[in-house]
Amino acid sequence: MTFSLDESQGLHGDLSRLAHAGWQALLGAGIASVALGAIVLAWPEASLTVVGILFGLYLLVIGAFQLAGAFSSYVPGALRVLGFVSGALCVLLGLLCFREPARSILLLALWIGFGWLLRGVMLAGVALSAKGMPARGWQVFVGFLNILAGVLMIDLPFRSITVLTMVTGVFLVVMGVFEVFHAIQLRGLLKKATG
């Protein structure tokens, strides 16, 4: 799947700054996803408390990125509200993972799933609204991948922490690889458009 930038349009002003900040945020989120996925896959017998804390940290970081993006002047007004709500809910879900992570496998799966679902809606929403965004197709794809992972996490019946950990670890690695690939592609497109 390859998406290209219309070089005749080029990148100007706010869209250029948004794209430069975007590839760096995507790269950071992708590396964090792959790292956390690798940790939980290498340590599937971890307790519910440990897994809850790890995923709580992940949701806090993702929520912080979304909140920072929501206050960016480059994001259209309506999407700022969506970004703020999505980021705030991810932070809240991350904090809930810390509060009583050992309480329930079901609740932890729901918190992780809703965090991914919200993040996917935000990613896809921004990409669909910004017509001239470089590598826009990949951004939509990564958004829908997050939505799919969120829905599966919410819908799948997890009977043990090991199964939850393994499934979540695989999702994290897959989403992280796509995010890193998208960030590298976006950076290459930006160099071509601005160089």
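Let us look at the structure shown here. (Residues numbered from 1 in each chain as written. Predicted model: local features only at pLDDT ≥ 70, side-chain atom pairs only at ≥ 80, totals over all residues. Heavy atoms only, no water.)

### Points about the packing of aromatic side chains
Alright, step 1. Per the stated rule, a full pass over the model turns up 5 aromatic pairs.
Alright, step 2. Between Trp116 and Phe171, the ring centres sit 6.0 Å apart and the planes meet at 80°, which makes this aromatic pair edge-to-face. One end of the pair, Trp116, is in helix α4 (residues 105-129); the other, Phe171, is in helix α6 (residues 161-194), with 55 residues separating them in the sequence.
Alright, step 3. Measuring from ring centre to ring centre gives 5.0 Å for Phe141 and Phe178, while their planes differ by 70°; the resulting arrangement is edge-to-face. Here Phe141, found in helix α5 (residues 136-155), pairs with Phe178, found in helix α6; they are 37 residues apart in sequence, far enough to count as distant.
Alright, step 4. Of the aromatic side chains, those joined through ring pairs into one cluster are Trp138, Phe141, Phe178 and Phe181. (Phe/Tyr/Trp six-rings, centres within 6.5 Å; stacked < 30°, edge-to-face > 60°. Helix = DSSP H or I, 4+ residues; strand = E, 2+ residues; numbered from the N terminus.)

### Considering the pattern of salt bridges
Where charged atoms of side chains with opposite charge meet at close range, the side chains can pair.
Alright, step 1. Throughout the structure, instances matching the rule amount to 1 salt bridge.
Alright, step 2. The shortest N-O distance in the salt bridge between Glu179 and Arg119 comes to 2.5 Å. Here the residue Glu179 occupies a position in helix α6, and Arg119 occupies one in helix α4, the gap between them amounting to 60 residues. For the pair formed by Glu179 and Arg119, the shared burial category is buried. (Salt bridge = Lys/Arg side-chain N within 4 Å of Asp/Glu carboxyl O. Buried < 20%, exposed > 50% of the residue type's maximum accessible area, 1.4 Å probe, protein only.)

### Examining the environment of Ala109
Alright, step 1. Within the secondary structure, Ala109 is located in helix α4.
Alright, step 2. Separated by 57 residues in the primary sequence, Ala109 and Gly52 have C-alpha atoms spaced 9.4 Å apart.
Alright, step 3. What Ala109 contacts, discounting residues up to four positions off in sequence, is Met153, Phe158 and Leu164. (Contact = heavy atoms within 4.5 Å.)

### Considerations on the side chain of Asn146
Alright, step 1. Within the element layout of this structure, Asn146 appears in helix α5.
Alright, step 2. In this structure the side chain of Asn146 is engaged in a polar contact, spanning 2.9 Å, whose partner is the backbone oxygen of Val142.
Alright, step 3. Ignoring anything within four residues of it in the chain, the contact list for Asn146 reads Trp116, Leu117, Arg119, Gly120, Leu123, Met175 and Glu179. (Polar contact = N/O pair within 3.5 Å; in protein donor to acceptor, adjacent residues only side chain to side chain.)

### Re the nonpolar core
Across soluble globular proteins, you tend to see nonpolar side chains buried next to one another.
Alright, step 1. Of all hydrophobic cores here, the largest spans 27 residues; its most connected members are Phe55, Tyr58, Leu108, Trp116, Met153, Ile161 and Leu164.
Alright, step 2. Put simply, the parts of the chain that give this core at least two residues each are α1 (13-42), α2 (48-70), α3 (77-99), α4, α5 and α6.
Alright, step 3. Not counting residues up to four positions away in its chain, the partners in contact with Ile161 are Ala46, Ser47, Leu48, Val51, Ile105 and Leu108.
Alright, step 4. Counting 7 residues, the second largest nonpolar core, distinct from the first, contains Leu79, Met122, Val126 and Met133. (Core = buried A, V, L, I, M, F, W, Y, C linked by side-chain atoms within 4.5 Å.)

### Examining the environment of Asn146
Alright, step 1. In this structure Asn146 comes out as buried when scored by relative accessible area, which is 0%.
Alright, step 2. With 33 residues separating them along the chain, Asn146 and Gly113 place their C-alpha atoms 9.0 Å apart.

### Looking at the packing of α5 against α6
Alright, step 1. Running from N to C, α5 and α6 point in directions that differ by 175°, and their axes come no closer than 10 Å. Accordingly, the angle class assigned to the pair α5 and α6 is roughly antiparallel. Of α6, the residues touching α5 (which contributes Trp138, Gln139, Phe141, Val142, Leu145, Asn146, Ala149, Leu152 and Met153) are Leu164, Val167, Thr168, Phe171, Val174, Met175, Phe178, Glu179, Phe181, His182 and Gln185. (Axes fitted to C-alpha atoms, helices over the stretch in contact; angles between N-to-C directions. Parallel < 35°, antiparallel > 145°, perpendicular 65-115°, else oblique.)

### Points about the packing of α2 against α3
Alright, step 1. As a packed pair, α2 and α3 sit with axes 7 Å apart at the nearest point and diverge in direction by 160°. In this view, α2 runs roughly antiparallel relative to α3, as classed from their interaxial angle. Pair α2 / α3 crosses with left-handed handedness.
Alright, step 2. Classifying every residue of the contact of α2 with α3 by side-chain character gives 15 nonpolar, 8 polar and 1 charged. (Left-handed = near helix turned anticlockwise from the far one by under 90°. Nonpolar A, V, L, I, M, F, W, Y, C, P; charged D, E, K, R; others polar.)

### Things to note about a nonpolar patch on the surface
Alright, step 1. A cluster of nonpolar side chains, contributed by Phe71, Val81, Phe84, Val85, Leu89 and Leu92, occupies part of the molecular surface with about 570 Å² of accessible area.
Alright, step 2. Within the secondary structure layout, Val81 lies in helix α3. (Patch = residues over 30% accessible without salt bridge, like charges linked within 9 Å, V, L, I, M, F, W, Y side chains within 5 Å. Areas by Shrake-Rupley, 256 points an atom, 1.4 Å probe, with all protein chains shown as cover.)

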